[in-house]
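# Secondary and tertiary structure notes
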Amino acid sequence: MELAQPGQDFLSAQSYNAVFTVHGVIMIFLVVIPGLAAVFGNLFMPIMIGARDVSFPKLNLFSFYIYMFGAVLAVISLFIGKGAPDTGWTFYAPYSTQSGSNVIAAVLAAFVLGFSSILTGLNFIVTIHRLRAPGMTWFKMPLFPWSLYATAWIQLLATPIVGITLLMLVAERLFKIGFFDPNLGGDPILFQHLFWIYSHPAVYVMILPAMGVITEIIPTFAKRKVFGYKAIALSSVAIAAVGYLVWGHHMYTAGMSGTARWFFSFLTFIVAVPSAIKVFNWISTMYKGSISLEPPFYFAMAFIFNFMIGGLTGLILGSLATDIHVHDTAFVVAHFHYIIFGGMGFAFLAALHYWFPKIYGRMYNHKMANWSCVTIFVGFTVLYFPQFIVGLQGMPRRYFDYLPQFQTGHFISAIGAFILGIGFVLVFMNLVRSAKTGKIAESNPWGGLTLEWQIASPPTVENFDEIPVITEGPYEYK
Amino acid sequence: MIHTEHRDDFGAKMGMWLFIFTELLLFGGLFIVYAVYRSQYPDDFHIAASQLNTFIGTINTIVLLVSSMTVAMSITAIQKGNKKLAMSLIAITIIFALVFMVNKYFEWGAKVHHGIYPGSELMLTLKRGELLFFSLYYFMTGLHALHIIVGMIILIVAFVKVKNSKINNSDYVLLENGGLYWHLVDLIWIFLFPLLYLIS
């Protein structure tokens, strides 16, 4: 909006900084990291593995409370003290140790939310290990729980690092300790390392459950056994494992030895392999399937399309030479939003439309859902695709003003943002209305085979009257 | 199927082990920072470390090691159904924890008395490496002390539950998990002690 025209339109430079920081903090820590895993994971993972609940229901409730606490803290950071934080969501030192704005509240919010994330991850791991229904071996488990399992490990292994880093940052601000401030002997690059050790894996915390959802939707609507079940299951684990070791690709320009950069670049390319395996397997699953075109399937298609663009541009950023050109430009912004919004966001909408009849026991208006999918997709593309182009032309990110030659791209983006907004209003209207007054849905409207479709909609408190015994794999369509 | 209260001791312990793992990673972040700055400022670290009170540090190490033993013994006692012994062993562990905290208080108090504490005037005049060493010293032992306090609360809860026979010889996983947590606190100290006090 601010960027639709050159020059200052609505916001001052300082409030622009605050707006993108708070947008980042809220979207990343409050929405996309917990979004799919916590919402649909908590609801459907136990059902899909044939359990009555997660292993530690009380811990789950507790993590929800601290999540709410963190959310409140994040919002408070907007209003109290000397103004909203203006460091960007990465809180890079040394600026974050010096900025007069409300960094501490925002950092603590991120810390608290991280703690909530750890507890959820812990809960999921134990649940999947211990509560699978009798007969459900690891390789008879549906693939959404598989992706959550990989996600949970990342949450568990990576979050503590950012936790301690953010605590050090708070201590540094309070007591002038100088861990990261070069004036006091510290090293700001160290902060970047510690930060990205968590925050890159966090991207996989966002995208892995999204991939899991898509892997559920495609066999259901193609009525075919998923192609390469084991490959998809293990590629989730591979992404988690390798994804843990690629944080350095955020720092090519920050100062690292050539060997380290080469190494991180190599690993970044490696991590693209399991992602590509998944894409190929989804497409192969559809081959010769009897595809029924329902709204969740459309969202899933949009996901695959966006994810491919996002993934391939990721390789441009992952290779050393090209990254130097596009580092910290709108190209990065576009890449990131293609993965997170085009990927995780669309998968969230797909999951919402897929499981909606199960959650509420009612069906939404299919025609309107299809239209909202198209509107969002068009709005999304119009909004973010031009960002690739202005990025390549050299538009830096996080700038509140720009040179005239970037105007066309930004103007198109602004139009896309409006279309996108309309799309979301459509989704919202459709789903809210249908939750109250929609047609009563049967318990298995899509003809799915996983366990959640075999019980009543909405599910009863304990999910199953009798725990099922599993004898075959989850996608045995005949 | 008769629906019974779900109980999974193995799962509960597994959850605790995973949690301990995250705690280790939490301190792991600090150990990395320590390693980086130690290699950057070896001389300053050497000088600063020699100013720490190794005697109190040693006492505290012994206190924690013994308390780890007593908490382990209390678990064995409850397994054998000896409620009274278990209660007194937990109580002894809590007392050891208190002793540790009192020692810490005196140790920190002496440092603060000399003007060495985060944010003090004197600290900012020290050499960069020394400043970082003392900052890390306060941060690491402070975080550890926080864990001691949490551990004490867990042990007090366990004590009350043993007293009310909520923890008994057929259901003692809570005490086991409390014990695990206490061992973790002990283990972290085992690493902090040489890093901060002994290497100089």
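Summarised in this report is the structure supplied together with it. Please read all numbers here as calculations on a predicted model, not as lab measurements.

Next up on the list: the overall build of chain B. Assigned secondary structure in chain B consists of seven helices and zero strands. Starting at the N terminus and walking to the C terminus, you meet the elements of chain B as α-α-α-α-α-α-α. With respect to the three principal axes, the spread of C-alpha positions in chain B is 70 × 35 × 25 Å. Across the 200 residues that make up chain B, the buried fraction comes to 50%. Considering only intrachain contacts with a sequence separation of at least 6, the fraction spanning at least 24 residues in chain B is 84%. Accessible surface for chain B amounts to roughly 9400 Å². Of this, 70% is attributable to carbon and sulfur atoms. Mean positive and mean negative side-chain charge positions of chain B (13 and 12 charges, respectively) differ by 9 Å.

A word on helix α6 (residues 128–163) of chain B. For α6 of chain B, with 36 residues, the first-to-last C-alpha span of 52 Å sits near the 52 Å given by 1.5 Å per residue. The first or second residue beyond α6 of chain B is Ser165 of chain B, which carries a positive phi of 60°.

Of note, Leu192 of chain B is situated in helix α7 (residues 173–198). Every residue in contact with Leu192 of chain B, bar those within four places of it in the chain, is listed here: Phe31, Met140, His144 and Tyr197 of chain B.

What follows concerns the nonpolar core. Residue and element names in this part refer to chain A. If you look at the biggest cluster of nonpolar residues, it comprises 213 residues, and the most contacted ones within it are Phe29, Phe91, Phe303 and Trp355. Sorting elements by how many residues they give to this core places helix α6 (residues 188–222) first, with 22 residues. Once residues lying within four places of it in the same chain are set aside, the contact partners of Phe303 are Ile207, Ala210, Met211, Ile214, Trp282, Gly342, Gly343, Met344, Phe346 and Ala347. Ala330, Val390, Met395 and Phe406 belong to the second largest nonpolar core, which has five residues in total.

Right, let's talk about the side chain of Ser147 of chain A for a bit. Residue and element names in this part refer to chain A. Residue position: Ser147 is located in helix α5 (residues 143–175). A polar contact is formed between the side chain of Ser147 and the backbone oxygen of Phe144, at a distance of 2.8 Å. Look past the residues within four positions of Ser147 in its chain and what remains in contact with it is Leu208, Pro209, Gly212 and Ser236.

Quick look at the packing of α6 of chain A against helix α7 (residues 229–243) of chain A now. Residues and elements named next belong to chain A. Interaxial distance between α6 and α7 falls to 10 Å at its minimum, and their mutual angle equals 170°. Comparing their axes, α7 and α6 come out roughly antiparallel. Packed against α6, whose contacting residues are His200, Pro201, Tyr204, Leu208, Met211 and Thr215, the element α7 presents Ile232, Ser236, Ile239, Ala240 and Gly243 at the interface. Along the lines of polarity and charge, the residues of the contact of α6 with α7 split into seven nonpolar, four polar and no charged.

Residue and element names in this part refer to chain A. For the pair helix α11 (residues 330–360) and helix α12 (residues 366–393), interaxial distance at closest approach is 8 Å and the crossing angle is 170°. In terms of orientation, α11 and α12 fall into the roughly antiparallel class. As for the relative orientation of α11 and α12, their crossing is left-handed in sense. In this structure, α11 contributes Ala330, Phe331, Ala334, His335, His337, Tyr338, Phe341, Gly342, Phe346, Leu349 and His353 to the contact, and α12 contributes Ala369, Ile376, Phe377, Phe380, Thr381, Tyr384, Phe385, Gln387, Phe388, Val390, Gly391 and Leu392. The class makeup of the residues in the contact of α11 with α12 is 16 nonpolar, seven polar and no charged.

Rules and cut-offs
- Residues numbered from 1 in each chain as written.
- Chains lettered and ligands numbered in written order.
- Predicted model: local features only at pLDDT ≥ 70, side-chain atom pairs only at ≥ 80, totals over all residues.
- Heavy atoms only, no water.
- Helix = DSSP H or I, 4+ residues; strand = E, 2+ residues; numbered from the N terminus.
- Buried < 20%, exposed > 50% of the residue type's maximum accessible area, 1.4 Å probe, protein only.
- Contact = heavy atoms within 4.5 Å.
- Areas by Shrake-Rupley, 256 points an atom, 1.4 Å probe, with all protein chains shown as cover.
- Lys, Arg positive; Asp, Glu negative; His and termini not counted.
- Charge placed at Lys NZ, Arg CZ, Asp CG, Glu CD.
- Expected span 1.5 Å × (residues − 1).
- Core = buried A, V, L, I, M, F, W, Y, C linked by side-chain atoms within 4.5 Å.
- Polar contact = N/O pair within 3.5 Å; in protein donor to acceptor, adjacent residues only side chain to side chain.
- Axes fitted to C-alpha atoms, helices over the stretch in contact; angles between N-to-C directions.
- Parallel < 35°, antiparallel > 145°, perpendicular 65-115°, else oblique.
- Nonpolar A, V, L, I, M, F, W, Y, C, P; charged D, E, K, R; others polar.
- Left-handed = near helix turned anticlockwise from the far one by under 90°.

Everything listed is a geometric property; what it means functionally is a separate question.
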